[in-house]
Amino acid sequence: MKWTPEQARAIELRDKNILVAAAAGSGKTAVLVERIKRLILEDKCPIDRMLIVTFTNAAASEMKEKIRRAIGQTVDELAEKAEAGDEQAAEDLTFLKEQLNLLPQAQISTFHAFALEIIRKYFYVIDVEPNFKICDDAQQVILRAEAMDALLEEQFEEGGEEFLRFLDCYSGDRNENRFREMIDHAYDTIQALPEPAQWLHEKVGMLAGNEDEENTALKQVMEVLWGMAEQNLKDAEAAINTNLRRAREAELPDAAALAEDDLIQIAKIREAFGDYDVLRDALGAFKLGTLRKTLYNPPEDSSLTSEEAEAMKNAASAGRDLAKKKVKALREEYFAQSAYAMADEMAQTYADAALIEKLLTRYSQLYREEKQHRGLVDFSDIEHYAWEILKDEEVSRYYREKYLHIFVDEYQDSNVMQEAFLQRICRENNLFLVGDVKQSIYKFRLAEPEIFQKRYQSYSQEENLLSEKIDLNRNFRSKRPVIDFVNEVFDFVMDGYDDAAALHMGDPFGDHYYDEP
């Protein structure tokens, strides 16, 4: 198989952490399998000295089968050479056959399956019983409902004024369903963190405020607000820049002038960055000029049809509406209050936040007791038990020494817990991470595509000598219209969608397509 230069580099590069930003249809699975095969054949790395993590059990089985086929094909080729008297081929053949025998036990699995392997091997480190069973979804729903019922029963029996007021504020008049959903959702969210209880306690404490301004929730909120302002303005500018580019390409000077003025209005908001209240005033003063229909009238000598001009006008109107919407969201949702009013309001939430911490802690305890009583663990327990075990330096060192290479597929769907996991077992230069942030769809399962983006930026820096990012952005699966459409969409919705992030046509016949089969 002929590899592209980028694919070849991803296969051949050694002694570095590698992040492969692999677009859909770019051959990333073939690259992954080829790299593993060459590590085995050329570097003589045993398959059981590799950790290969996939997102699903089905993907793990498929990966194992592809590796088996790739090695099996090479075994057949070497067998012919060995029969002809090639001693090196005979030696390689023996080694590859050993790898085929090791393959069924190789650690090619999901994060949870690997975590289970750690717990089964080192359960004694955290004093957990090794004969536990995994709680299925139905059991989990029942046990959590029972824990929630017990929590509410305790609180009602105590009859604390603080709890009753909280319930009155945050739940419905007829039942406690909204309260149940709030606690359940908060519990799920913090369980995706390595130290959920510690994190929660620290964040609640920050709401109390103290003399150290660097350690207050207000400062963190302000950082988030400035980040939101930056992102919304980038989105607004991108929409207007699209209008400007199209107007210039169509040689519509009046439409281009309107887009230029729109950008000036957005720039006035940017000039107010750095002062919260000044920015609020700038957002309140924001107003775009009128888009007159005549701005998109085709010039007499233009090849632009009236239908095309109308479509351009409608697209420009939609872009301006988006820009207005982004600025309006900043004005009405994020910068609606003065800085003083926001700080005062946040301070008032401390009592409720402290109660939520108390309720979550007790709910977690009750749920844990329900599971322990039945000898069950859920997937969150598996992650946290393994994490606690890996805090033991002897254990983490064992895995660092065991795995010469660590592969993670679908890296864009990793979460904070899994990222912390990797840091415990990786070396300084043995990660091979594959993903595509455009395909991240599991935010609702607490995936953090920002982890991928952060590594991408870090690995792009020249001073990072131990790491490198490789873009596989040639799509060999789709025709030109599909690729152009995908790029148009992501250029509009994704920050930093540059040439490296964009899809490029890999199929040499991608420009040849037919309207009919």
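Per chain, the residues get numbers from 1 upward, laid out in the order the sequence is written. With pLDDT at 70 or above as the cut-off, local features in this predicted model cover only qualifying residues; side-chain atom pairs require 80 or more to be listed or tallied, and sums for whole chains, interfaces and linings still use all residues. Hydrogen atoms and water are omitted, and side-chain values are computed over all heavy atoms in the structure.

### Side note on the overall build of the chain
Next up, step 1: Put simply, DSSP H or I for four residues or longer makes a helix, DSSP E for two residues or longer makes a strand, and each gets a number counted from the N terminus. Scanning the chain for helices and strands turns up 20 helices and 10 strands.
Next up, step 2: Reported as C-alpha extents along the three principal axes, the dimensions of the chain are approximately 80 × 80 × 50 Å.
Next up, step 3: Burial classes: relative accessible area under 20% of the type maximum marks a residue as buried, over 50% as exposed, and values in between as partly exposed (1.4 Å probe, protein chains only). When burial is assessed residue by residue, the chain has 43% of its 517 residues classed as buried.
Next up, step 4: Partitioning the intrachain contacts of the chain with sequence separation of at least 6 by distance along the chain shows that 76% fall at a separation of at least 24.
Next up, step 5: For every accessible area listed, the method is Shrake-Rupley and the probe measures 1.4 Å; residues are considered covered only by the protein chains on display. Carbon together with sulfur atoms contributes 50% to the accessible area of the chain, which is approximately 28,200 Å² in total.
Next up, step 6: Note on charges: Lys and Arg go in the positive column, Asp and Glu in the negative column, and His and the chain ends are not counted at all. For this purpose, a charge sits on NZ of Lys, CZ of Arg, CG of Asp or CD of Glu. Measuring between centres, the 64 positive side-chain charges of the chain sit 2 Å from its 101 negative side-chain charges. What makes two residues a contact is simply this: any of their non-hydrogen atoms within 4.5 Å.

### Description of the environment of Y340
Next up, step 1: The residue Y340 is located in helix α14 (residues 339-348) in this model.
Next up, step 2: Among the residues examined, Y340 registers a relative accessible area of 69% and is labelled exposed.

### Looking at a nonpolar patch on the surface
Next up, step 1: Among the surface-exposed residues, F485, V489, F492 and V493 lie close enough to one another that they form a single nonpolar patch of about 370 Å² accessible area.
Next up, step 2: Looking at F492, the relative accessible area reads 34%, which means it is partly exposed. Only residues above 30% relative accessible area that lack a salt bridge enter a patch, with like-charged residues linked at up to 9 Å and the nonpolar side chains Val, Leu, Ile, Met, Phe, Trp and Tyr linked at up to 5 Å. Salt bridge, as used here, is a side-chain nitrogen of Lys or Arg placed within 4 Å of a carboxyl oxygen of Asp or Glu.

### Quick word on the sheet that holds strand β8 (residues 467-472)
Next up, step 1: The six strands lie next to each other as β3-β2-β6-β7-β1-β8, forming an open sheet whose pairing is parallel. Unpaired on one side and paired on the other, β3 (107-110) and β8 mark the two borders of the sheet. Between one strand axis and the next, the sheet turns by 15° as a mean value, whatever way the strands run.
Next up, step 2: Whether two strands pair comes down to DSSP finding at least two bridges between them. With six bridges connecting them, strand β1 (residues 17-22) and β8 associate as parallel partners. For V20, the partnering residue across the bridge sits in β8 and is I470.
Next up, step 3: Sitting on the sheet, helix α18 (residues 416-425) touches β2 (50-54), β6 (405-408) and β7 (431-435), and the angle it makes with β6 is about 170°. For helices, the axis comes from a line fit to the C-alpha atoms of the stretch in contact; other axes are also lines fit to C-alpha atoms, and the angle between any two N-to-C directions lies between 0 and 180 degrees.

### A word on the pattern of salt bridges
Any two side chains of opposite charge can pair, so long as their charged atoms come close to each other.
Next up, step 1: In the structure shown here, the tally under the stated rule is 36 salt bridges.
Next up, step 2: Across the salt bridge formed by R144 and D188, the nearest N and O atoms sit 2.8 Å from each other. Placement of R144 in helix α6 (residues 137-158) and of D188 in helix α8 (residues 177-191) is noted, with a sequence separation of 44 residues between them.
Next up, step 3: Ionic pairing is found between K469 and D471, a salt bridge with its closest N-O pair at 2.6 Å.
Next up, step 4: You can call K469 partly exposed: its relative accessible area is 24%.
Next up, step 5: The network of salt bridges with shared partners includes E12, E34, K37 and R38.

### Observations concerning the packing of α6 against α8
Next up, step 1: As a packed pair, α6 and α8 sit with axes 11 Å apart at the nearest point and diverge in direction by 120°. One finds that α6 runs oblique with respect to α8. As for how α6 packs across α8, the hand of that crossing is right-handed. Each of R144, A145, M148, D149, L151 and L152 in α6 lies in contact with α8, whose residues at this interface are F179, R180, I183, D184, Y187 and D188.
Next up, step 2: Classification used: nonpolar for Ala, Val, Leu, Ile, Met, Phe, Trp, Tyr, Cys and Pro, charged for Asp, Glu, Lys and Arg, polar for all others including Gly. Looking at the contact of α6 with α8 residue by residue, the classes come out as seven nonpolar, no polar and five charged. Oblique is the label for any angle not covered by the other classes, which are roughly parallel (under 35 degrees), roughly antiparallel (over 145) and roughly perpendicular (65 to 115). In this scheme the handedness of a crossing depends on how the near helix is turned from the far one: anticlockwise by less than a right angle means left-handed, clockwise means right-handed.

### Some words on unusual backbone geometry
Next up, step 1: We note that D127 has phi near 60°; this positive angle belongs to a residue other than glycine.
Next up, step 2: For D127, the location among the structural elements is in the loop between α5 (111-122) and β4 (133-134).
Next up, step 3: The exposure class of D127 is exposed, given its relative accessible area of 72%.
Next up, step 4: In this structure, E251 is a non-glycine residue whose phi angle is positive, near 55°.
Next up, step 5: Note on placement: E251 falls in the loop between α10 (217-249) and α11 (253-271).

### Observations concerning the packing of aromatic side chains
Each pair of aromatic rings is reported with the distance of its centres and the angle of its planes.
Next up, step 1: For Phe, Tyr and Trp, where Trp contributes only its six-membered ring, two rings pair if their centres lie within 6.5 Å, and the inter-plane angle classes them as stacked under 30 degrees, edge-to-face over 60, or tilted in between. One pass over the full model with this rule turns up 24 aromatic pairs.
Next up, step 2: With a centroid separation of 5.7 Å and 85° between ring planes, the pair formed by F114 and Y399 is classed as edge-to-face. Pair noted here: F114 is in helix α5 and Y399 is in helix α17 (residues 393-402), with a separation of 285 residues, a long-range link. In this pair, the class of F114 matches that of Y399, namely buried.
Next up, step 3: Relative to F163, the ring of F156 lies with its centre 5.7 Å away and its plane at 80°, an arrangement referred to as edge-to-face.
Next up, step 4: On the basis of relative accessible area, F163 is assigned to the buried category, the value being 2%.

### A word on α17
Next up, step 1: Taken residue by residue, α17 has V395, S396 and Y399 as its buried positions. One side of α17 holds all its buried residues, which, seen down the axis, span an arc of 95°.
Next up, step 2: Looking at the buried residues of α17, the elements they touch are α5, α16 (379-390) and α18. Within this analysis, the arc is defined by the directions that extend from the helix axis to the C-beta atoms.

### Details of the nonpolar core
Next up, step 1: Counting residues in hydrophobic clusters, the biggest one holds 40 residues, and the most contacted among them are Y399 and I406.
Next up, step 2: Tallying contributions element by element places α5 first for this core, with seven residues.
Next up, step 3: Residues within four places of I406 in sequence aside, it is in contact with L51, L422, I425, C426, N430, L431 and F432.
Next up, step 4: Note on terminology: a nonpolar core comprises buried Ala, Val, Leu, Ile, Met, Phe, Trp, Tyr and Cys residues joined through side-chain atoms within 4.5 Å. Counting residues in hydrophobic clusters, the runner-up holds 37 residues, among them A282, F286, A323 and L330.

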